[in-house]
Amino acid sequence: MNSQAGKRHLTVIAALLAMIGPFSIDTYLPSFPDIEMAFGTDRSALLHSIGVYLIATAASTLVWGPLSDRTGRRVIILLIMSLYAAGSIGCALSSNIETFLAFRVVQGLSASGGFIAGRAMIRDAHDARSAHRAMSQVMLLFALAPAIAPVLGGWLHDHLGWRSVFWFLSVFAGVLAFMGLWTSETLSREKRQSIHLA
């Protein structure tokens, strides 16, 4: 992807993929009291939903990088955004804390892949100098996410209820998957690597 328009598209999608992480944590924070009431649980149990998400994110980071080096970036984006959308829908439909925590794990397993695939796409498409510039743009947009997420989550919660936050996250993932369909593969077959441990 050599055109400037194509590289800008990659920068935008990489930034949006990076925003999945902060959105997954900060968007539903204003809804904690209502989620506790809906599930008949307390704050300490609900806080586990952040812990299990972070553990799943950290563990899956070890998997998505090698997989994207083997299969390409585009297929990983489509896979992880589909998985993330499913996890978000599961959270929205959950009727108890145990189910909610399980689907938060699904969200965590997929969220880390977005950040990894986005950074890898930029590295593939840019030389060293322009990659630094593109990544600075990505990080600038990424830095806005923790500020936007609670405000957006509070607005959704106040107008549509806490479940709407997770419906929004599923739609956001769907939009990113759609953008992924229109993104050219940046990793050529010649540069793909084996995932064999040796």
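Only a predicted model underlies this, so the values are computations on that prediction, with no experimental measurement involved.

### Structural notes on the overall build of the protein
Check the secondary structure of the protein and you find seven helices and zero strands. Overall, the protein shows an N-to-C arrangement of helices and strands of α-α-α-α-α-α-α. Per-residue burial for the protein yields a buried fraction of 47% across its 198 residues. Taking as baseline every contact in the protein between residues at least 6 positions apart, the subset at least 24 positions apart corresponds to 81%. Accessible surface computed for the protein: about 9,800 Å², of which carbon and sulfur atoms make up 67%.

### Observations concerning a nonpolar patch on the surface
Among the surface-exposed residues, I89, L93 and W167 lie close enough to one another that they form a single nonpolar patch of about 290 Å² accessible area. For L93, the location among the structural elements is in helix α4 (residues 73–93). For L93, a relative accessible area of 58% gives the class exposed.

### A closer look at the nonpolar core
The biggest cluster of nonpolar side chains holds 41 residues, and the ones touching the most others in it are Y28, M81, F100, F166 and L176. Listing elements by their share of this core, those giving two or more residues are α1 (4–26), α2 (32–39), α3 (43–71), α4, α5 (97–125), α6 (128–160) and α7 (163–181). Each residue touching M81, except ones within four places of it in the same chain, is listed here: L17, I20, A173, L176 and A177. Core analysis: the next-biggest nonpolar cluster, separate from the first, contains six residues, A15, A134, M135 and V138 among them.

### Things to note about the packing of α4 against α7
Across the interface, α4 lies against α7 with an axial gap of 8 Å and an inter-helix angle of 165°. Classed by the angle they form, the pair α4 and α7 counts as roughly antiparallel. In terms of crossing hand, the pair formed by α4 and α7 is left-handed. Listed contacts from α7 to R74, I77, L78, M81, Y84, A85, S88, I89, C91, A92 and L93 of α4 are R163, F166, W167, L169, S170, A173, L176, A177, G180 and L181. Grouping the constituent residues of the contact of α4 with α7 by class yields 16 nonpolar, three polar and two charged.

### Focus: the pattern of salt bridges
Once their charged atoms are close, side chains differing in charge can pair, the charge on each being opposite to the other. With the rule as written, the count across this model stands at one salt bridge. Residue R43 is joined to E36 by a salt bridge in which the shortest nitrogen-to-oxygen separation is 2.2 Å. Judged by its relative accessible area of 38%, R43 falls in the partly exposed class.

Quick notes on the rules
Residues numbered from 1 in each chain as written. Predicted model: local features only at pLDDT ≥ 70, side-chain atom pairs only at ≥ 80, totals over all residues. Heavy atoms only, no water. Helix = DSSP H or I, 4+ residues; strand = E, 2+ residues; numbered from the N terminus. Buried < 20%, exposed > 50% of the residue type's maximum accessible area, 1.4 Å probe, protein only. Contact = heavy atoms within 4.5 Å. Areas by Shrake-Rupley, 256 points an atom, 1.4 Å probe, with all protein chains shown as cover. Patch = residues over 30% accessible without salt bridge, like charges linked within 9 Å, V, L, I, M, F, W, Y side chains within 5 Å. Salt bridge = Lys/Arg side-chain N within 4 Å of Asp/Glu carboxyl O. Core = buried A, V, L, I, M, F, W, Y, C linked by side-chain atoms within 4.5 Å. Axes fitted to C-alpha atoms, helices over the stretch in contact; angles between N-to-C directions. Parallel < 35°, antiparallel > 145°, perpendicular 65-115°, else oblique. Left-handed = near helix turned anticlockwise from the far one by under 90°. Nonpolar A, V, L, I, M, F, W, Y, C, P; charged D, E, K, R; others polar.

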